[in-house]
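Coordinate inspection notes
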Amino acid sequence: MYLTKINYFSFIESIKSYNIENLRKDFMAALTGVVVAIPQCMAYALIAGLNPVYGLYTAIVSAIFGATFGSSKHLITGPTNSSALLVASVMKNYMGLDNAYQMVFLLTFLVGTLKMLFGVLKLGRLISYVSHSVIIGFTTGAGCLIALGQLSTLLSIPVKNSAQMATTEKLYYVLTHLQQTNLYALGMGLITIIVIVVCKKINKNLPGALIGIIIPIIFIVIFSLDKLGVQLTGNIPTSLPPFKMVNFDLSFIQNNISGALSIAIIGCVEAISSAKSIATLSRQKIDPNQEFIGQGIANVASSFFQGFPGSGSFTRTALNYHSGAVSRLAGVLQGGIMAIVLLFFAPFAKYIPTACLAGVMMVTAYNLVNKDEIKKVVSLGKLKSDSLAMWVTCFATILLPNLSYAIYTGIALTIMLHLKDTNKAPIRIFIPLEAEDPKIVEKEVEVVRDNVEILIVELEGNLYFGLADNLEQKLVSLINKSKVFILRMKHVCNIDVTALNALKVFTRSVKEAGGSVIVCGLNSDLDSILVSSNFDFDIDSNNKFLSENETFAFSSKDLERARDVLKCDSENKSSKSCELLASSFQF
């Protein structure tokens, strides 16, 4: 097994031809990204149930290390709504404990280690098992969860032990205590929401979240609204992310490895999806395994600087690209600029109302519900596999007590439905007929109603154990319908032992009924499989034809062999099939 080598020099290689103009573009892109990232990352920390400063710590460290060791030039790593929501789910039984934050940092280390392991073991292809429908369902459910979870903060209704409460339980509490709503806090939150929406309509490049937070701060300072019950984020340390060793707790690891795995899986899907979506515009080739390693290093490094699990952010990555970033240095600069902001401007952050951060999250939650994608999935059929997987994952995300279960449920359901959809053998049945000119045409039929002398059965795709029973049933149902069966296997890419046994059962049954089976269109790989499994003993060696360079060469040979099997030159000259073959082919 070949392992992925960690590319330590990807950053160095990317700046070999670097110049001042590139630096200017990357710096401006980074500056633009910071303006959007600061309120976003603070809000994501609140979703995770943490102090907003840890969102900034995560953004600084993750952006630097993710850009340095990842595959994408434009991917921005840091807190995301999905990762924050999953962290809150995993940590809900630990928040409030004295060592709760130490457990968060250990969780970050576990997630980073798993992501690195995914990359080193080249498990990039396994991410394809997390279908698009599952991701749509999860993000839709996550959007609902975020909105419902932030409702108490938006209304400034205090909820005791809210971190340990289920979302539905918290919603019930809020609805039954609406009289405790602080109208000033609600007003600040609504101002933030309105400003973000208006800015987006005026110009998508406007930092609506930042503007939507600055305006309420002005009201807070002028009218001292904090004295009227409007909760503020409070003091944020004016220092760089402090280095601190991770405290390892074996019991925590054993109890939460499943949660860490779900965060790692969703994080990898987010990162690769974001990187590939931008790569379609930048024409950059993305190495999924290298990106997993980069994401893993970013999380591991973040765990030592008091960060929580993060991933590739689609919003900030798209903004980075469209703001003119030309290299991965833009991500490094974004982390550096954010660190400078934290050092010199942190005192001003204490005036940010938590209701405003909740407003930012409300808009984010609304945007997570991708109505166009939902319509596309539903348009394929309400009871189709994709639609079922999407809705089950969505409601599981909202209703199940642990989000990890929702993700695993969606993945398991997708695989089961896929196996169900692929357990039907792709068989096409043709009956040879005479055309107006002296040629044979093949009429495709769904059901063979009358007995015929020659029946052509065309097999396709990957014949594996999952469809072997269905393959055997379809073939056995044809046994008494014809004397000669031509099995065309030109479009069969592979066959396993179970499916091969189904062919053997059919071939032997046809023989016992006095008929013959002719196999044609075999490529060399399929032929070697048939030979090694002694399939040749079940058919006459003259009844097997390999595919040749000429597209229709084997078609002539199999029909000519059918003519011999029917003994058209001696006993059955007057049969319709023999007359058809004689008039249509020059043998």
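Residues numbered from 1 in each chain as written. Predicted model: local features only at pLDDT ≥ 70, side-chain atom pairs only at ≥ 80, totals over all residues. Heavy atoms only, no water.

1. Some thoughts on the nonpolar core
One broad rule of soluble globular proteins: the nonpolar side chains tend to lie buried together. Core analysis: the largest hydrophobic core is formed by 92 residues, its most contacted members being Met 42, Met 91, Leu 107, Phe 308, Met 338 and Leu 342. Considering every element that reaches this core, the biggest residue donor is helix H5 (residues 100–120), with eleven residues. When residues no more than four places from it in sequence are discounted, the contact partners of Met 338 are Val 34, Ala 37, Ile 38, Leu 56, Ala 59 and Ile 60. Grouped together as the second largest cluster of nonpolar side chains are 34 residues, Ala 425, Leu 500, Leu 503 and Val 510 included. (Core = buried A, V, L, I, M, F, W, Y, C linked by side-chain atoms within 4.5 Å. Buried < 20%, exposed > 50% of the residue type's maximum accessible area, 1.4 Å probe, protein only. Helix = DSSP H or I, 4+ residues; strand = E, 2+ residues; numbered from the N terminus. Contact = heavy atoms within 4.5 Å.)

2. Observations concerning the packing of aromatic side chains
As enumerated under the stated definition, the model contains 14 aromatic pairs in all. Plain terms: the ring middles of Phe 65 and Phe 69 are 6.4 Å apart, the flat faces sit at 10° to each other, and that makes the pair stacked. With Phe 65 and Phe 69 both in helix H3 (residues 52–69) and four residues apart, this pair spans about one turn of that helix. Judged by relative accessible area, Phe 69 falls into the buried class, the value being 16%. Members of the aromatic cluster, connected to one another through ring pairs, are Phe 109, Phe 243, Phe 248, Phe 304 and Phe 305. (Phe/Tyr/Trp six-rings, centres within 6.5 Å; stacked < 30°, edge-to-face > 60°.)

3. A word on the environment of Leu 240
Relative to the helices and strands, Leu 240 resides in the loop between helix H9 (208–223) and helix H10 (250–282). C-alpha separation for the pair Leu 240 and Met 338, spaced 98 residues apart in sequence, amounts to 9.7 Å. Those residues in contact with Leu 240, other than ones at most four positions away along the chain, are Tyr 57, Ala 339 and Leu 343.

4. Let's talk about the pattern of salt bridges
A complete count under the given rule lists seven salt bridges for this structure. Here Glu 444 ties to Arg 428 by a salt bridge, and the two come within 3.0 Å at their closest N and O atoms. One end of the pair, Glu 444, is in strand S4 (residues 440–445); the other, Arg 428, is in strand S3 (residues 427–434), with 16 residues separating them in the sequence. In this structure, the salt-bridge partner of Arg 428 is Glu 460, at a minimum N-O distance of 3.8 Å. Note that Arg 428 is positioned in strand S3 and Glu 460 in strand S5 (residues 452–463), a separation of 32 residues in sequence. The exposure class of Glu 460 is partly exposed, given its relative accessible area of 24%. One salt-bridge network, in which partners are shared between bridges, spans Arg 428, Glu 444, Glu 458 and Glu 460. (Salt bridge = Lys/Arg side-chain N within 4 Å of Asp/Glu carboxyl O.)

5. Some points on helix H13 (residues 329–349)
Approximately 55° is the largest bend angle found in H13, and it occurs at Leu 343, with the proline Pro 347 only one to four residues beyond. Those residues of H13 lying buried are Leu 329, Ala 330, Gly 331, Val 332, Gln 334, Gly 335, Ile 337, Met 338, Ala 339, Leu 342, Ala 346 and Ala 349. (Bend = angle between axes of the 7 residues up to and from the residue.)

6. Here's the deal with empty space enclosed by the protein
Counted by the stated rule, this structure contains one cavity of 30 Å³ or more. Approximately 30 Å³ is the volume found for the largest cavity. Taken together, Ala 37, Cys 41, Ala 59, Ala 63, Ile 76, Thr 77, Arg 316, Gln 334, Gly 335 and Met 338 make up the full set of residues lining the largest cavity. Secondary-structure elements contributing two or more residues to the lining of the largest cavity are helix H2 (20–47), H3 and H13. For the lining of the largest cavity, a count of residues per class yields six nonpolar, three polar and one charged. (1 Å grid on protein atoms, 1.4 Å probe; cavity = no way out; pocket = protein on both sides within 12 Å on 5 of 7 lines; lining within 4 Å. Points joined across faces, edges and corners; volume = space filled by probe spheres on them. Nonpolar A, V, L, I, M, F, W, Y, C, P; charged D, E, K, R; others polar.)

7. Points about the side chain of Asp 26
Structurally, Asp 26 can be placed in helix H2. No salt bridge is formed by the buried Asp 26, whose closest oppositely charged neighbour, Lys 25, lies at an N-O distance of 8.7 Å. At 2.8 Å, the side chain of Asp 26 and the backbone nitrogen of Val 326 are in polar contact. Setting aside residues no more than four positions away along its own chain, Asp 26 makes contact with Tyr 18, Ala 325, Val 326, Ser 327, Leu 329, Ala 330 and Leu 333. (Lys, Arg positive; Asp, Glu negative; His and termini not counted. Polar contact = N/O pair within 3.5 Å; in protein donor to acceptor, adjacent residues only side chain to side chain.)

8. Some words on the confidence of the model for the chain
Confidence in the prediction for the chain averages 83 pLDDT; 88% of positions are at 70 or higher. Across residues 549–554, confidence stays below pLDDT 50; counting only partners more than four residues off in sequence or on other chains, it has seven contacts. (pLDDT = per-residue confidence, 0-100.)

9. Considerations on a positive patch on the surface
The grouping of Lys 200, Lys 204, Lys 371 and Lys 375 at the surface amounts to a positive patch. Judged by its relative accessible area of 60%, Lys 375 is exposed. (Patch = residues over 30% accessible without salt bridge, like charges linked within 9 Å, V, L, I, M, F, W, Y side chains within 5 Å. Areas by Shrake-Rupley, 256 points an atom, 1.4 Å probe, with all protein chains shown as cover. Charge placed at Lys NZ, Arg CZ, Asp CG, Glu CD.)

10. What to know about the packing of helix H8 (residues 183–202) against helix H14 (residues 354–368)
Across the interface, H8 lies against H14 with an axial gap of 7 Å and an inter-helix angle of 45°. When the interaxial angle is binned, H8 and H14 end up oblique. Like other packed secondary-structure pairs, H8 and H14 cross with a definite hand, here right-handed. Side by side, H8 and H14 meet where Ala 185, Met 188, Gly 189, Thr 192, Ile 193, Ile 196 and Lys 200 of the first sit next to Ala 355, Cys 356, Gly 359, Val 360, Met 362, Val 363 and Asn 367 of the second. Its residues assigned to classes, the contact of H8 with H14 shows nine nonpolar, four polar and one charged. (Axes fitted to C-alpha atoms, helices over the stretch in contact; angles between N-to-C directions. Parallel < 35°, antiparallel > 145°, perpendicular 65-115°, else oblique. Left-handed = near helix turned anticlockwise from the far one by under 90°.)

11. Things to note about the packing of H3 against helix H11 (residues 288–303)
Here H3 crosses H11 at 150°, and the two axes come no closer than 8 Å. Regarding the angle of H3 to H11, the classification is roughly antiparallel. Crossing angle aside, the handedness with which H3 passes H11 is right-handed. Across the interface between the two elements, Thr 58, Val 61, Ser 62, Phe 65, Gly 66 and Phe 69 of H3 pack against Gln 290, Gly 294, Ile 297, Ala 298, Ala 301 and Ser 302 of H11.

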